[in-house]
Amino acid sequence: MPTKDERVFAALIYVISFFTAFIGPLVIWLLKKDSSQFVDYHGREYLNFFISYTVYSIVAGILTIVLVGFLLLPVIGIALIVFTIIAAVRAYEGTDYRFPLIFRIL
């Protein structure tokens, strides 16, 4: 079971992503990844999530040429918000959360 500090830092990775999409979570992950396996897991998971949904958004943006992207972009935006909130709650509870439909790069 992770400690309270580990759970707070892991949840903070997701919460701060609403204000600084990439830099905030990256800084927390880089500072805490060596001292906590739990924070390392959630940091990697968020960065994989960010990379994947950035790719999905770029593809949907390109697909606006054929009008399909106008339907995909709001769906991607809503999924991004919902999955981030779920992950923050799960991290604070001390459980692992695997995002659906992401590339496992890190």
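Residues numbered from 1 in each chain as written. Predicted model: local features only at pLDDT ≥ 70, side-chain atom pairs only at ≥ 80, totals over all residues. Heavy atoms only, no water.

A. Region of interest: the side chain of R7. The residue R7 is located in helix α1 (residues 4-16) in this model. E6 provides the closest opposite charge to the buried, unpaired R7, separated from it by 7.4 Å. In this view, R7 contacts P2, F38, A91, Y92, E93 and G94; residues no more than four positions away in its chain are not counted. (Helix = DSSP H or I, 4+ residues; strand = E, 2+ residues; numbered from the N terminus. Buried < 20%, exposed > 50% of the residue type's maximum accessible area, 1.4 Å probe, protein only. Lys, Arg positive; Asp, Glu negative; His and termini not counted. Salt bridge = Lys/Arg side-chain N within 4 Å of Asp/Glu carboxyl O. Contact = heavy atoms within 4.5 Å.)

B. Seen up close, a nonpolar patch on the surface. Together, L12, V15, F18, F19, L80, I81, I85 and V89 give the surface a local cluster of nonpolar side chains, amounting to about 720 Å² of exposed area. Of all the secondary structure elements, the ones that give two or more residues to the nonpolar patch are α1 and α4 (69-93). Checked against the element boundaries, L80 lands in helix α4. Its relative accessible area of 34% is what places L80 among the partly exposed residues. (Patch = residues over 30% accessible without salt bridge, like charges linked within 9 Å, V, L, I, M, F, W, Y side chains within 5 Å. Areas by Shrake-Rupley, 256 points an atom, 1.4 Å probe, with all protein chains shown as cover.)

C. Representation of the packing of α1 against α4 in the model. In contact at an axis separation of 7 Å, α1 and α4 are set at 175 degrees when each is read in the N-to-C sense. Compared by their axis directions, α1 and α4 come out roughly antiparallel. Contacts between α1 and α4 involve K4, R7, V8, A10, A11, Y14 and V15 from the first element and T84, A87, A88, A91, Y92 and E93 from the second. (Axes fitted to C-alpha atoms, helices over the stretch in contact; angles between N-to-C directions. Parallel < 35°, antiparallel > 145°, perpendicular 65-115°, else oblique.)

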